[in-house]
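# Chain and residue survey
These are the residues of each chain, in order.
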Number of protein chains: 2
Amino acid sequence: MNDSSTPSLYLALIHHPVLNKHLETIASAVTNLDLHDISRAARTFGAQALYIVTPLQDQQDLCRRIVDHWTNGWGATFNSDRKDALGLIRIQASLKAVKKEIEGREGTTPKTVATGARIDAAVKTKRLCFPDLRRHLRDRDSGPWLLLFGTAWGLSPPVMAAADHLLEPIAGNGNYNHLSVRSAAAIILDRLLGRDDK
Amino acid sequence: MNDSSTPSLYLALIHHPVLNKHLETIASAVTNLDLHDISRAARTFGAQALYIVTPLQDQQDLCRRIVDHWTNGWGATFNSDRKDALGLIRIQASLKAVKKEIEGREGTTPKTVATGARIDAAVKTKRLCFPDLRRHLRDRDSGPWLLLFGTAWGLSPPVMAAADHLLEPIAGNGNYNHLSVRSAAAIILDRLLGRDDK
């Protein structure tokens, strides 16, 4: 499925299990602009697919309506650029189902890399810095890779614990690091897949 | 107003004059998530302020209600991180008024840098690449700087023509470069103000 000129990087936007403000495990609602912004960034930088992960049937249906509008409906005629981007979206009920689908496409289970602003700098096990993951993505024999993004207050601890790797958080200037998942995904894709001459 | 440890970079999100899909000049509507995402990225990377520029009174009122909710209202108590970010937002009717306000704060008119995906690679005059602007921002004697972001289909040609500089577009892998303004602003701030060791 994947030609040899593009890195074998997949994205998953997780809506369950994620944390709420009180660090309780919840299923979050799908945000329309997440689908647009992250699929446009995925298309710009050459990710293979964007999985929207939610076990809730009504949220899956909402996603399908949005994607269908822009890939087959009126939106596809109005703005074909959105068709190109939202065409990368796949909907799955669980991370397990995502991994199985990628394995079916690629022949190998993807290595998972969890992202999050609260990933502790002190945790050295499983930690990947941006240059290391960028290097792995250029090695055709190392993939496929699957980046996990959390909605709401971030990925739940069991997802973090089960991930093969944890990506170092995006550090700004100072202690404030409350980027939206849309902004974080854009920066991460630029750092991992952006051109060398930027 | 500006201490010496942070770069003197201001952002302006322009809602008029911008282009629509047919490249006609319009005033666009304010998008709630633009205010959140771009102010959070501005706060993360240390920009001085985010100006929302619209001549439409009802759109200015809408902005004020959103900002007030998160900086003084219920939202400020619910999530103080948003207060820190949305507190960077200023509302102005025109780019001219923005420049005047910055001049009042800094004592010097800001140098304007227009951004946009369609900035022609062939145009060498006024063009700035990311490393050059990053260097300028570290030179305390060169500022203040004002980055201009367009909503809808981008900044109108007169705004581009009047800008002191044009920032090179964000290039991805391939010809697709249709990032949202939220994603583009995040990547641009990371490239200009992000830490050296990223």
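Residues numbered from 1 in each chain as written. Chains lettered and ligands numbered in written order. Predicted model: local features only at pLDDT ≥ 70, side-chain atom pairs only at ≥ 80, totals over all residues. Heavy atoms only, no water.

## Here we look at the overall build of chain A
Let me state the cut-off plainly: The helix count covers DSSP runs of H or I at least four residues long, the strand count covers runs of E at least two residues long, and both are numbered beginning at the N terminus. Our radius of gyration is a C-alpha quantity, and the globule rule it is checked against amounts to 2.2 Å times the number of residues to the power 0.38. Here the term buried applies to any residue with accessible area under 20% of the maximum for its type, exposed to any over 50%, and partly exposed to those in between, with areas from a 1.4 Å probe on protein chains only. Contacts are assigned to residue pairs that have any heavy atoms within 4.5 Å of one another. Using a 1.4 Å probe, the Shrake-Rupley method yields the accessible areas, and only the shown protein chains count as cover for residues. We count Lys and Arg on the positive side and Asp and Glu on the negative side, and we leave His and both chain ends out. We put the charge of a Lys on NZ, of an Arg on CZ, of an Asp on CG and of a Glu on CD.
Of regular secondary structure, chain A possesses 8 helices and 9 strands. For 198 residues, the compact-globule formula gives about 16 Å, and the C-alpha radius of gyration of chain A, at 16 Å, lands near that figure. In terms of overall dimensions, chain A has C-alpha extents of about 50 × 40 × 35 Å along its principal axes. For chain A, the proportion of its 198 residues judged to be buried stands at 53%. In chain A, of all internal contacts separated by at least 6 residues, the share reaching a separation of at least 24 is 77%. If you sum the accessible surface of chain A, you get close to 8,600 Å²; carbon and sulfur atoms cover 51% of it. Where the 25 positive side-chain charges of chain A centre and where its 21 negative ones centre are 2 Å apart.

## Quick notes on the sheet that holds strand β7 (residues 127–128) of chain A
All names here are of chain A. How we decide: The pairing criterion for strands is at least two bridges between them, as found by DSSP. Every axis corresponds to a line fitted to the C-alpha atoms, with the helix fit spanning only the stretch in contact, and the corresponding angles, defined between N-to-C directions, vary from 0 to 180 degrees.
Here we have 7 strands laid out as an open sheet, ordered β5-β4-β1-β8-β6-β9-β7, and parallel in their pairing. Strand pairing shows two members of the sheet lacking a second neighbour, β5 (89–92) and β7, which therefore form its edges. As judged from the 5 bridges shared by strand β1 (residues 9–14) and strand β4 (residues 49–53), these two strands associate in the parallel manner. Note that in β4 the partner of Y10 across the bridge is A49. Most of the contacts of helix α5 (residues 95–106) go to β4, to which it runs at about 155°, and overall it touches β1, β4, β5, β6 (111–114) and β8 (145–150).

## Side note on the nonpolar core
Spelled out, the test is: Buried Ala, Val, Leu, Ile, Met, Phe, Trp, Tyr and Cys residues form a nonpolar core when they are joined through side-chain atoms within 4.5 Å.
Ranked by size, the top nonpolar core spans 84 residues in total, and within it L11, L133 and L147 of chain A together with L11, L133 and L147 of chain B carry the most contacts. Among all residues touching L11 of chain B, those that are not within four sequence positions of it are I38, A42, A47, A49, L50, Y51, L146, L147, F149 and L189 of chain B.

## Brief notes about the relation of the copies chain A and chain B
Turning one copy of the chain about an axis and sliding it along that axis gives the other copy, so a rotation and a shift relate them. Spelled out, the test is: When the copies are overlaid, the least-squares fit takes in C-alpha atoms only where the residue has pLDDT of at least 70 in both copies.
Rotating chain A by 180° and moving it 0.0 Å along the rotation axis overlays it on chain B with an RMSD of 0.0 Å. Such a combination of turn and shift is consistent with a two-fold rotation axis. By residue overlap, the copies meet face to face through one surface: 100% of the interface positions of chain A are interface positions in chain B.

## A word on the interface of chain A and chain B
Often, the extent of an interface is quoted as the loss of accessible area on bringing the components together. Stated formally: Defined here as a combined quantity, buried area equals the accessible surface (1.4 Å probe) lost by two parts on assembly, summed across both. One side-chain nitrogen of Lys or Arg within 4 Å of one carboxyl oxygen of Asp or Glu is enough to make a salt bridge. Here a polar contact is recorded for every N or O atom pair within 3.5 Å, except that within protein the pair must consist of a potential hydrogen donor and a potential acceptor, and residues adjacent in sequence are included only if both atoms are side-chain atoms.
Listed per partner, the contact involves 36 residues of chain A and 36 residues of chain B. Taking both sides of the interface into account, the surface hidden between chain A and chain B amounts to around 3,500 Å²; carbon and sulfur atoms contribute 52%. Taken as a group, T44, N173 and Y176 of chain A account for 20% of the area that chain A buries against chain B, more than any other trio of residues on that side. Taken together, the links from chain A to chain B amount to 4 salt bridges. In this structure, D190 of chain A engages R191 of chain B in a salt bridge whose closest nitrogen and oxygen atoms are separated by 2.6 Å. Counting every contact that joins chain A to chain B gives 24 residue pairs in polar contact (both at pLDDT 80 or more).

## A short note on the pattern of salt bridges
Counted by the stated rule, this structure contains 14 salt bridges over all chains. Between D196 of chain A and R134 of chain A there is a salt bridge, with the nearest N and O atoms lying 2.7 Å from each other. In this pair, D196 of chain A is assigned in the segment after α8 (181–193) and R134 of chain A in helix α6 (residues 130–138), connecting sequence segments 62 residues apart. Judged by relative accessible area, which is 13%, R134 of chain A ranks as buried. Put simply, D34 and R182 of chain A together with D37 of chain B are held in one network by salt bridges that share partners.

## Topic: the packing of α6 of chain A against α8 of chain A
All names here are of chain A. Applied cut-off: Throughout this description, any angle smaller than 35 degrees is read as roughly parallel, any larger than 145 degrees as roughly antiparallel, any in the 65 to 115 degree range as roughly perpendicular, and the remainder as oblique.
At their nearest, the axes of α6 and α8 sit 8 Å apart, and the two run at 60° to each other. Considering the angle they form, α6 stands oblique to α8. Only I188, D190, R191, L192 and L193 of α8 make contact with α6, whose side of the interface consists of F130, L133, R134 and L137.

## Structural notes on helix α1 (residues 32–45) of chain A
Residues and elements named next belong to chain A. Inclusion rule: What a helix should span is 1.5 Å times the count of its residues minus one.
Between its terminal C-alpha atoms α1 stretches 21 Å, which fits the 20 Å expected from 14 residues at 1.5 Å a residue. In terms of residue burial, α1 counts as a mostly covered element, since 12 of its 14 residues are buried. Regarding α1, the residues found buried are L33, D34, L35, H36, D37, I38, S39, R40, A41, A42, T44 and F45. Where α1 terminates, the next one or two residues include G46, which has phi positive at roughly 90°.

## Description of the pairing of strand β6 (residues 111–114) of chain B
All names here are of chain B. Bridge count between β6 and strand β8 (residues 145–150): 4 bridges; the pairing is parallel. For A114, the partnering residue across the bridge sits in β8 and is L148. Where β6 and strand β9 (residues 165–167) come together, 2 bridges link them in parallel fashion. Within the sheet, the bridge partner assigned to A114 lies in β9 and is L166.

## Some remarks on the sheet that holds strand β7 (residues 127–128) of chain B
Residue and element names in this part refer to chain B. Sheet architecture is open: 7 strands sit in the order β5-β4-β1-β8-β6-β9-β7, paired in parallel fashion. Looking along the sheet, the strands with just one partner apiece sit at the ends: β5 (89–92) and β7. Strands in contact with helix α8 (residues 181–193) are β1 (9–14), β8 and β9; relative to β8, the strand with the most contacts, it is inclined by about 155°.

## What about unusual backbone geometry?
The omega torsion across H16 of chain B and P17 of chain B is -5°, close enough to zero to call that bond cis. Mapped onto the elements, P17 of chain B comes out in the loop between β1 and β2 (18–19). Note the cis peptide between G143 of chain B and P144 of chain B, where omega equals -5°. Within the secondary structure layout, P144 of chain B lies in the loop between α6 (130–138) and β8. Of note in this structure, K126 of chain A is not a glycine but carries a positive phi near 70°. Secondary-structure assignment places K126 of chain A in the loop between β6 and β7. You can call K126 of chain A partly exposed: its relative accessible area is 27%. A positive phi is found at A152 of chain A, a non-glycine position, where the angle reads about 50°. Relative to the helices and strands, A152 of chain A resides in the loop between β8 and α7 (157–162).

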